[in-house]
Amino acid sequence: RLANQNYSALKAYAAKVNPELRAFQKKHGIKILVKDVGNWDETGVDLCAFATTGLYLIMEHFGNLVVVPFEASPHITIIVGYVNGKRLFILVIIKGTEGKAPSAFHAQLLDEDDGIFLGQTPTGWVNNELKVAYFKINAEAGHFGSKPTVINVDGHGTNRNNDELTDLAEQHNVLLVIPPSHTSAAVDGMGTQQCDRPAHQGGPIACLKRRFRELLKKQFFAAVRSRKMQGKVSMAEVLKMLAVAWEESFKPELMERLNRDVGYYNDEEGILQWDITRILPPRFDSAAGAPAAAATATATLVPQASAPAAAAEHDAALAGAPVPAAPAPTVGDGAPGPSSAAGPIPTPGAALSLAPAPVRINFGGRAAVQESQGKQLAAIAQARADVDRIFALNRVLHEHNQPAVPRPTEPIYRDAATLGHTREGVVVGSAEHRAARKARATRKDDAAAKKSASMNRFWTNHRTSVRTAESALVEHGGDLSKLKVSELKALIISRTGGMPKSKNNFNGAMVDEARAVIQSVAKTIIPPTPPRAVPSEAAPAEEDVEMAAVEEAITCSFCGEESVPTCDERGNTFCSACDVRMEH
C-alpha cells in the first residue's frame, strides 16, 4: 500500500474528482461543508482478540480459552460509518445461508434505538446484497436523503461494482467518492479513509474495537464463573456489546477533523474539494513518491565526570594522609542545616561521651489521659476507614464480576414463523425480534385454542356416557364386574381423559384396566358442562330456558357438596362438584 500511495497518483485523482464534486454541488445548488462528509468501512471482529494482550489466569493443561458462539468461526464482519457528524447503523455479518436472514431472536437484547442489524453470508464477509441492505436501513432511518451528501468509501467490490447501490445513492442524492486503490491505510497518519484512522485520532473502527474488547473480556469472565453459561458468550450478547461500544466510543466532535485529515476542504468559494497532497509530509512531495534521504545525525561526546570525592578520601586514608573534615550540612543559601544544631560532628578516633541525655518527666495525669484517649480515637477512626475501604473494595469486585450486558432469556428459534420477519429480506434487528416474538406468541395461543376446542369436542361426545357410567358405578356399589363394556370404556375415559388401551374385555382386560384407573384417580376429571352463549338481542331458545331453570342449590348424595346442578340436553341433572347424576 505504501508503494501505491504516491504523490502523483493522489494528485491525478484530485484533478479528476474535484470537478465532479463541484458539479454535484452546483446541480443541487448547495455548498457542502467539511463536517457533513460521511464515510463507512468494513472490518473484521475477532472474538478472541481480547486475550491477545495482558495476563490471564487459565487452568493447567487446558490450553488457551477461546470464545466461539454458535457459528463455526468466531470471525464476524461489521460495517460502521457516520455522516453529518452522526453515527450510522451497524450491520453485523456472520456465517450462514446466503439469501436468508438469521433468526430474529439473536436481537432479543437490543433496544429499538440501538441501530444494530444482523445478516449472514456463507463466508461471513459482506456481499452486494447486504451492502444494499445496509444503505437501505440507514436511508429509512433518515441518515441519507434529507439533503445532498458526499460519502467517502474505499474501493471494495461491494462499493465499486454494485449497480443497485449506485442507483440507490443517486436516488437519495448521495455522491459516493472512491479514492485510488490501496490508499486507505494510514501511512504516517495520512490515509484516505476516516474510519481506518488510529484510535488516538478518533478513528471510529479502532475506538469501537478497543471498547468492545473491554466489554467482551468482562462478559467472558462473568460467563466462566457462571455454571449456567459454562463460559459461553451468545451472539445476542455480542450484538448488545457492539451497540454499547459503538455508542460509547464514537466521538462526533472529531469527525470534521478526520474529514480534513483525509483531504477534504472548502475552497475560497466555499465549495467542497478534495486534495490530500496539500497536507502530505515533505517526503511525499516528489513525482515518484520516494522518501527523501535520511539526514545524518551528529552527537557530541561529553567527557565522563570525575571520580567521586569519597574515592579520593579512601585513597588518602590508605596512604596515611589526614582525612579532611566533612563540611557542615547546609540548607538553601548556605545556612547550617539541622544536623549542625546538635553540635559538631565527631572526628574519627575521638572519644565519645557516654553521659545519659536529660530525661523530661511529665507528672501531669490529665495530659496522659488525654494522650491515651487521642490514640484510642485515632485507632477507631483508622478501623472505620479500613472497614469503609473493605466495603468499597467489595462493591468494586461485585461490579467487576457482573456481566457487561444482560444474559438472553429466550431460545434462538429458527422456525418458519420467526424467520419470516426480516428487514430487506436478509437482515434482522430489534423490530424484527418483536414482530417474531409476537407472531410466535400468537401461534402458541392459536395452538392452545385449537387444542382446547378439540378437548371440548371430545368431552361433548363422551359427557353423557361418562356420567351414565359414573352413576352406574355408584348404583352397583363399585363392583366393576356388573358394568357393561361400554360403561367400563366410559369410566376409563372419565378418569384418564383418553380412550382405553384394551380393545375389549376379553379375559377381564378392561375390568383390570378400569380397576387400576380408579385406584390411581379417585375422581372423574370431566370438566363441567360449558354454558351455552345466549345472544343478547335474540330470545333464548327453549332448551336453554330448560337448562337454566334449575337454579336452586341441591346437596349431592354422592359427594355431599351443596351446589347448583347442571343439566344436559336430555334434561338429566348432574352435580357441579363430582358430575354424578342426581335425582331431581
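What counts, and where the lines are drawn
- Residues numbered from 1 in each chain as written.
- Predicted model: local features only at pLDDT ≥ 70, side-chain atom pairs only at ≥ 80, totals over all residues.
- Heavy atoms only, no water.
- pLDDT = per-residue confidence, 0-100.
- Contact = heavy atoms within 4.5 Å.
- Salt bridge = Lys/Arg side-chain N within 4 Å of Asp/Glu carboxyl O.
- Helix = DSSP H or I, 4+ residues; strand = E, 2+ residues; numbered from the N terminus.
- Buried < 20%, exposed > 50% of the residue type's maximum accessible area, 1.4 Å probe, protein only.
- 1 Å grid on protein atoms, 1.4 Å probe; cavity = no way out; pocket = protein on both sides within 12 Å on 5 of 7 lines; lining within 4 Å.
- Points joined across faces, edges and corners; volume = space filled by probe spheres on them.
- Nonpolar A, V, L, I, M, F, W, Y, C, P; charged D, E, K, R; others polar.
- Expected span 1.5 Å × (residues − 1).
- Arc of directions from axis to C-beta.
- Phe/Tyr/Trp six-rings, centres within 6.5 Å; stacked < 30°, edge-to-face > 60°.
- Lys NZ or Arg CZ within 6 Å of the ring centre and 35° of its normal.
- Core = buried A, V, L, I, M, F, W, Y, C linked by side-chain atoms within 4.5 Å.
- Pairing = 2+ DSSP bridges.

1. A word on the confidence of the model for the protein
Then step 1. Mean pLDDT for the protein: 77, with 70% of residues reaching 70 or above.
Then step 2. Between residues 61-73, whose pLDDT stays under 50, and residues either more than four places distant or in other chains, the model counts 24 contacts.
Then step 3. The low-confidence segment residues 287-308 (pLDDT under 50) makes nine contacts with residues lying over four places distant or belonging to another chain.

2. Examining the pattern of salt bridges
Then step 1. Enumeration over the complete set of coordinates arrives at 22 salt bridges.
Then step 2. Residue Arg22 pairs with Glu269 through a salt bridge whose shortest N-O separation is 3.1 Å. Here Glu269 lies in the loop between strand S8 (264-266) and strand S9 (272-274) and Arg22 lies in helix H1 (residues 7-28), a separation of 247 residues in the sequence.
Then step 3. Here Arg22 falls in the partly exposed class, since its relative accessible area comes to 32%.
Then step 4. The partly exposed category is assigned to Glu269, whose relative accessible area is 49%.
Then step 5. Between Lys240 and Asp114 there is a salt bridge, with its nearest N and O atoms 3.0 Å apart. Of the two residues, Lys240 sits in helix H6 (residues 235-249) while Asp114 sits in the loop between strand S4 (90-95) and strand S5 (116-121), which places them 126 residues apart along the sequence.
Then step 6. Given the relative accessible area of 11%, Lys240 is considered buried.
Then step 7. One network of salt bridges, in which partners are shared, links Arg22, Asp267 and Glu269.

3. A look at empty space enclosed by the protein
Then step 1. Applying the stated criterion across every chain, the model contains one cavity of 30 Å³ or more.
Then step 2. Residue classes in the lining of the largest cavity are distributed as two nonpolar, four polar and three charged.

4. Focus on helix H13 (residues 509-520)
Then step 1. Helix length check: H13 (twelve residues) gives 17 Å between terminal C-alpha atoms against 16 Å at 1.5 Å per residue, within 8%.
Then step 2. Among all positions in H13, only Met510, Val511, Glu513, Ala514 and Val517 are buried. End-on view of H13: buried residues confined to an arc of 160°, all on one side of the axis. Opposite the buried face of H13, by more than 90 degrees, sit the exposed residues Gln519 and Ser520.
Then step 3. Looking at the buried positions of H13, the neighbouring elements they touch are helix H12 (485-496).

5. Describing the packing of aromatic side chains
Then step 1. Considering all chains together, one arrives at eleven aromatic pairs under this definition.
Then step 2. On the basis of an interplanar angle of 85° and a centroid distance of 5.8 Å, the ring pair of Trp40 and Tyr134 is categorised as edge-to-face. With a gap of 94 residues between them, Trp40 in strand S1 (residues 38-46) and Tyr134 in helix H2 (residues 128-140) connect regions that are remote in the sequence. Both residues of the pair, Trp40 and Tyr134, belong to the buried class.
Then step 3. Aromatic side chains Tyr82 and Phe250 sit 6.3 Å apart centroid to centroid with 50° between the ring planes, which places their arrangement in the tilted category. With a gap of 168 residues between them, Tyr82 in strand S2 (residues 75-83) and Phe250 in the loop between H6 and helix H7 (255-261) connect regions that are remote in the sequence. Taken as a pair, Tyr82 and Phe250 share a single burial class, namely buried.
Then step 4. Clustering of aromatic rings is evident, with ring pairs tying together Trp40, Tyr134, Phe135 and Phe144.
Then step 5. Against the face of Tyr265 rests Arg278, its NZ or CZ located 3.9 Å from the ring centre.

6. Remarks on the nonpolar core
Then step 1. In this structure, Ile76, Ile78, Ile90, Val92, Phe212, Val238 and Met241 are the most contacted members of the largest nonpolar core, which totals 39 residues.
Then step 2. Those residues within four positions of Ile78 in sequence are excluded, and the remaining contacts are Asp41, Glu42, Thr43, Val45, Ile90, Leu91, Val92, Leu208 and Leu242.
Then step 3. In terms of nonpolar packing, the next biggest core, distinct from the first, is built from 25 residues, Val83, Ala133, Phe144 and Val153 among them.

7. A short note on helix H4 (residues 163-171)
Then step 1. For H4, the full list of buried residues reads Leu165, Leu168 and Ala169. For H4, the arc enclosing every buried residue in end-on projection is 100°, short of the 170-degree limit, so these residues lie on one face. Set apart from the buried face of H4 by more than 90 degrees, the exposed residues are Asp163, Glu170 and Gln171.
Then step 2. Positioned one or two residues after H4, Asn173 has a phi angle of 60°, which is positive.

8. Some remarks on the environment of Leu491
Then step 1. Note that Leu491 resides in helix H12.
Then step 2. For Leu491, a relative accessible area of 1% gives the class buried.
Then step 3. It is 10.0 Å that separates the C-alpha atoms of Leu491 and Ser471, two residues lying 20 residues apart in sequence.
Then step 4. Residues contacting Leu491, with those up to four places away along its chain left out, are Ala469, Glu470, Leu473, Leu480, Leu483 and Ile518.

9. Looking at the pairing of strand S6 (residues 149-152)
Then step 1. Neither face of S6 is open: one carries Thr149 and Ile151, the other Val150 and Asn152, and all of them are buried.
Then step 2. Strand direction decides the pairing type here: S1 and S6, joined by two bridges, are parallel. Paired with Gly38 across the strands is Ile151, a residue of S6.
Then step 3. One ladder, built from four bridges, connects S6 with strand S7 (residues 174-177); its direction is parallel. Following the sheet pairing, Asn152 is matched in S7 by Val177.

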